[in-house]
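Now for the letters of each chain:
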Amino acid sequence: MGHSLRMLTRPQHVLLGDQVRLCAVLAAALLCAMPAAGSAPSADADTPQYPSPERSAGGLDTLRGTFDRDGALSLLTDNLRWAVDIAGRIRAPDDSGFTNQQFFGIDLLKTVSTKKRDIGTLLVQLYVDRNSNAPAFRETWDFKVRELHFNYHVTRRGGVNFRIGHIQIPYGLNLPPITGGTLRQFDTKPNLGHKVDWGTSFNGVNSAFVYEVALTRGSGFDYESKGDPYLVSGRIGTSNQQPFVLGFSGLHGKVFNTPNEAIIERTRIGIDARWQGGPIDALAQVSIGRDNDNSMGKPKTDVVKYFLDLSWRTPTEALLLYTQGDFRMTRPTATKSGPWTKLSFLRLGAQLALARHYWISADYAHELTRSGKPDVVRLELRYRFF
């Protein structure tokens, strides 16, 4: 363990680099990922950017309503899938009382087509929520754009697409079809600061690769220009249609931290992997990088993060059980030989489809290190109409 950590953190000047170096690497990855001219059509060319070979338990993210093709508004409703989402959550730390959150919204996915070909895909996820744990001045219904983007197919076979809007940050295990709005989340937001952001990307798929390179605002849900935040991010990986998937990611920029309105300069390089064998799904991610928080004179910090998710589902996909391990190490950059501050968590979770439109989810988080953070139990009841 100690030897592997030394191998990860020893050449910091090589691993972290600067923005120019990162952009060059991502550009080279993009060129390598593009399909050759005249290549055969890809089976997954018209699927979402990170298509999941499996469906969420009970179809929570994939089952959507459709409209009558012969209706008066067929131009708008053709190839349109929809769902109305309503949910309530309870969060109960063991050192205090519980808090609750409610949200509802609409989820739309439309393929825009002509008689000759598909032009692109429009995804709209608009929600309002209320969180009793929010500051008093925000403890009301709050409108949120979860995702809102159009992915234009530059080439017919999906090798090159241009996405614009409120998009998922392409890094590591940020896989929208698996964890859209569910209790089960991966390492993206704790590691990067945001899971979604306003901006644009070039992306594509072919029989061997999937890639996406993005330039985004760096402010997350809200578009905030204060402090000139930005993010350059990208991921290239093997085909998501294979049992084993391997990906490489990079990110650099200035992240707007909403709670204290601070600007954090952040760099990450990561590797992720996924293996599927029948009902078993194993995902892992390792990230190394550096944070430079200029607020209150905080020092530059080296960061090493490990994340693991192991899940099992029943043949009917009505029940999903999962466990997650999250391990983080930080150290002031100036203290090259100093001790690391460690923080790790274990999470156990389950998601059950009660009927065609109802799901109940629960999880339990326990800190393995001893920083004094409380154990937390969460419960969610969700109704999805389509």
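Now for a look at the structure at hand. The shown structure was predicted, so the numbers you read here are calculated from the model rather than taken from an experiment.

Rules behind the numbers
- Residues numbered from 1 in each chain as written.
- Predicted model: local features only at pLDDT ≥ 70, side-chain atom pairs only at ≥ 80, totals over all residues.
- Heavy atoms only, no water.
- Helix = DSSP H or I, 4+ residues; strand = E, 2+ residues; numbered from the N terminus.
- Buried < 20%, exposed > 50% of the residue type's maximum accessible area, 1.4 Å probe, protein only.
- Contact = heavy atoms within 4.5 Å.
- Salt bridge = Lys/Arg side-chain N within 4 Å of Asp/Glu carboxyl O.
- Phe/Tyr/Trp six-rings, centres within 6.5 Å; stacked < 30°, edge-to-face > 60°.
- Core = buried A, V, L, I, M, F, W, Y, C linked by side-chain atoms within 4.5 Å.
- Patch = residues over 30% accessible without salt bridge, like charges linked within 9 Å, V, L, I, M, F, W, Y side chains within 5 Å.
- Areas by Shrake-Rupley, 256 points an atom, 1.4 Å probe, with all protein chains shown as cover.
- Pairing = 2+ DSSP bridges.

## Describing the overall build of the protein chain
Along its length, the protein chain carries 6 helices and 17 strands. For the protein chain, buried positions account for 46% of its 386 residues. Within the protein chain, contacts between residues at least 6 apart in sequence are counted, and of these 57% link residues at least 24 apart.

## Comments concerning the pattern of salt bridges
Going through the model one piece at a time under the given rule, you end up with 18 salt bridges. A salt bridge links Asp302 to Arg290; the nearest nitrogen and oxygen atoms lie 3.1 Å apart. Pair noted here: Asp302 is in strand S13 (residues 301-313) and Arg290 is in strand S12 (residues 280-293), with a separation of 12 residues, a long-range link. Notably, a salt bridge pairs Lys305 with Asp326, separated by 3.6 Å at the nearest N-O pair. Remark: Asp326 occurs in strand S14 (residues 319-332) and Lys305 occurs in strand S13; sequence separation between them is 21 residues.

## Focus on the packing of aromatic side chains
By the definition in use, this model includes 7 aromatic pairs. Ring geometry for Tyr306 versus Phe327: centroids 6.0 Å apart, planes at 25°, classification stacked. Placement of Tyr306 in strand S13 and of Phe327 in strand S14 is noted, with a sequence separation of 21 residues between them. Residue Tyr306 is classed as buried on the basis of its relative accessible area of 18%. Judged by its relative accessible area of 19%, Phe327 falls in the buried class.

## Some thoughts on the environment of Leu192
Relative to the elements of secondary structure, Leu192 occurs in helix H6 (residues 188-192). Filtering out sequence-adjacent residues up to four positions away, Leu192 remains in contact with Ile169, Tyr171, Leu251, Val255, Arg266 and Arg268.

## Describing the side chain of Thr188
When you line up the elements, Thr188 lands in helix H6. Take Thr188: its relative accessible area is 5%, and that puts it in the buried class. When neighbours within four sequence positions are excluded, Thr188 is seen to be in contact with Tyr171, Leu173, Asn174, Gly193, His194 and Lys195.

## Observations concerning the nonpolar core
When a protein is soluble and globular, its nonpolar side chains tend to lie buried together. Counting residues in hydrophobic clusters, the biggest one holds 6 residues: Ile169, Tyr171, Leu192, Leu231, Leu251 and Val255. Apart from the residues within four sequence positions on either side, Ile169 is in contact with Asn174, Leu192, His194, Lys195, Val196, Asp197, Leu231, Ser233 and Leu251.

## Quick look at a nonpolar patch on the surface
Together, Ile90, Phe98, Leu352, Leu354, Tyr358, Ile360, Leu379 and Leu381 give the surface a local cluster of nonpolar side chains, amounting to about 730 Å² of exposed area. Inspection of the secondary structure assignment puts Leu352 in strand S15 (residues 341-353). Among the residues examined, Leu352 registers a relative accessible area of 33% and is labelled partly exposed.

## Some details on the pairing of strand S2 (residues 80-93)
With 12 bridges joining them, S2 and strand S3 (residues 99-113) adopt antiparallel strand pairing. When the sheet's bridge partners are listed, Arg89 is paired in S3 with Gln101. Here S2 folds back onto S3, and the loop between the two strands holds 5 residues.

## Describing the pairing of strand S5 (residues 142-153)
Bridge analysis of strand S4 (residues 118-131) against S5 gives 10 bridges, and the strand direction is antiparallel. Each bridged residue has a counterpart across the sheet, and for Gly120 the counterpart in S5 is Tyr152. In terms of strand pairing, S5 meets strand S6 (residues 161-168) through 6 bridges, oriented antiparallel. Note on S6: the bridge partner recorded for Leu148 is His166.

## Digging into the environment of Ile271
By the element assignment, Ile271 lies in strand S11 (residues 262-277). Classification of Ile271 by relative accessible area gives partly exposed; the value is 36%. Residues Ile271 and Gly172, 99 residues apart in the sequence, show an inter-C-alpha distance of 6.7 Å. Non-local contacts of Ile271, meaning those with residues more than four positions away in its chain, are made with Leu246, Gly247, Phe248, Ala284, Gln285 and Val286.

## Structural notes on unusual backbone geometry
Leave glycine aside and you will find that most residues have negative phi; peptide bonds, for their part, are mostly trans. In this structure, Asp228 is a non-glycine residue whose phi angle is positive, near 55°. For Asp228, the position within the fold is in the loop between strand S8 (209-216) and strand S9 (230-238). Positive phi values are uncommon outside glycine, yet Glu317 reaches one of about 65°. Here Glu317 lies in the loop between S13 and S14.

## Remarks on the environment of Ala355
Relative to the helices and strands, Ala355 resides in the loop between S15 and strand S16 (358-367). Residue classification places Ala355 among the partly exposed residues on the basis of a relative accessible area of 42%. Remark: the alpha-carbon pair of Ala355 and Ala318, spanning 37 residues in sequence, is separated by 8.9 Å.

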